[in-house]
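# Chain and residue survey
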Amino acid sequence: MESTEILVSGGGIAGPALAYWLRRAGFAVTVVERAPAPRPGGQTVDLRGAGRVVVERMGLMERARELTVRQHGLALVDSAGRITARMGADSFGGEGIVSEIEILRGDLGALLHEAVAPEVEYLFDDTVTGLDQDADGVRVTFEKAGPRRFALVVGADGLHSVVRALAFGPERQCVRPLGVQTAWFTTTDPMELDGWFQMYNAPGGLVASARPGRLPGEVKAGLSYRSAPEPYDRRGTAAQRELVAARFAGAGWQVPRLVAAMRTAPDFFFESMGQVRLDGWTRGRVALLGDAGYCPTPLAGLGTSLALVGAYVLAGELAAAAGDHRVAFGRYDEVMRPYVRQAQQLPPGGAAGFAPSGALAIRLRAASMRSMNRWPMRNILAAQFAKAGDIALPDYPLPGSR
């Protein structure tokens, strides 16, 4: 192709990871990110399976381990705070519900940003507003920057991808709602977690959770509930906080403290869980990566692995095809499709298993977890956790990979 300039929309995890490998392959990369700077904090994400291998090939694993959030594992609790079931972080070879390597999303994003920033142009506090493709490239318009041309455009901008909306169609055609709404936030309320990621289920499909953060005294919290998709302003956080508070009124355990902390948390984030299902992840000179193309939802626990592996494969195929996007995009789909299909299969019970509606179902969930290290549940769960590594990563001609 005449130009080697590639625009990546999204500066979270998938975008910087792709930028890293594209630069190794000799492409000129620009990353546009809506936020004014790399987003700090956030909840923990897993480094597991093939995603862990990609980070190792980037030479970043040692630093990632230094940033790991220390947790004993997952513990289910009742309204009085008594543990009803638990699974240690060392279960299933460190690849269980809470994996051996858990890192804050912001820490992983910062690590990737630091690895590429000296060689990549960043456009912060901006977003794509238009894509006009022709035979030689894509004319891109931005909210703030002037129009520019690129050889290719990659949407790595999450579940509510702007690039996907422009090139593939409205979100309602691409995203399958799971019927779960979640609020994430950070609190410094000194909860007694004893190093465990504690989770409480209440009737009505309510799930409250709290886990240790990386910094002393920091708690990463979540309040989830099952419901049909609800109309809300994605940027109107005051109404979102009230919506969540109303749902959790009267719930037990530490919920009143969590709701109080949620009302003033500066990093409050509200999201409707949904899976992105598309027949193809490319349209002409535009491609989708990570959650923008194949979000599996947090219930699958494989979003970070898909983002890291997808970035490695997409850049690798572009390098192997000497920039011929038609060949590279076809191979990208061929290599990733089986991995994505497996990763998007939810654990047993799906949303109902995560947020059971009644007291009996909640007791059965705890009983199920207590049996996870015994046959036959162990075999079922082992297959679920093994999906993270269920891909043979190709060796691409990417100079500088370690």
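Residues numbered from 1 in each chain as written. Predicted model: local features only at pLDDT ≥ 70, side-chain atom pairs only at ≥ 80, totals over all residues. Heavy atoms only, no water.

## Things to note about the packing of helix α6 (residues 237–247) against helix α7 (residues 255–264)
- Interhelical geometry of α6 versus α7 gives an angle of 175° and a closest axis separation of 10 Å. In terms of their interaxial angle, α6 and α7 are classed as roughly antiparallel. Where α6 abuts α7, its residues Arg241, Glu242, Val244 and Ala245 lie against Val259, Met262, Arg263 and Thr264. (Axes fitted to C-alpha atoms, helices over the stretch in contact; angles between N-to-C directions. Helix = DSSP H or I, 4+ residues; strand = E, 2+ residues; numbered from the N terminus. Parallel < 35°, antiparallel > 145°, perpendicular 65-115°, else oblique. Contact = heavy atoms within 4.5 Å.)

## Description of helix α12 (residues 359–370)
- The end-to-end C-alpha distance of α12, which contains 12 residues, comes to 17 Å, matching closely the 16 Å that a straight helix rising 1.5 Å per residue would cover.
- Of all the positions in α12, only Ile362, Arg365, Ala366 and Met369 are classed as buried. With its buried residues spanning 95° around the axis, α12 presents them on a single face. Counted as exposed and oriented over 90 degrees from the buried face of α12: Leu360, Arg363 and Leu364.
- Tucked inside the fold, the buried residues of α12 contact β4 (73–77), β5 (83–88), β13 (196–202) and α11 (350–354). (Expected span 1.5 Å × (residues − 1). Buried < 20%, exposed > 50% of the residue type's maximum accessible area, 1.4 Å probe, protein only. Arc of directions from axis to C-beta.)

## Some remarks on the environment of Val98
- Structurally, Val98 can be placed in the loop between β5 and β6 (102–104).
- Val98 sits in the buried class, given a relative accessible area of 3%.
- Sequence-wise, Val98 and Ala366 are 268 residues apart; in three dimensions their C-alpha atoms are separated by 16 Å.
- Sequence-distant contacts of Val98, defined by excluding residues within four places in its chain, comprise Gln71, Gly73, Leu74, Ala89, Phe197 and Arg211.

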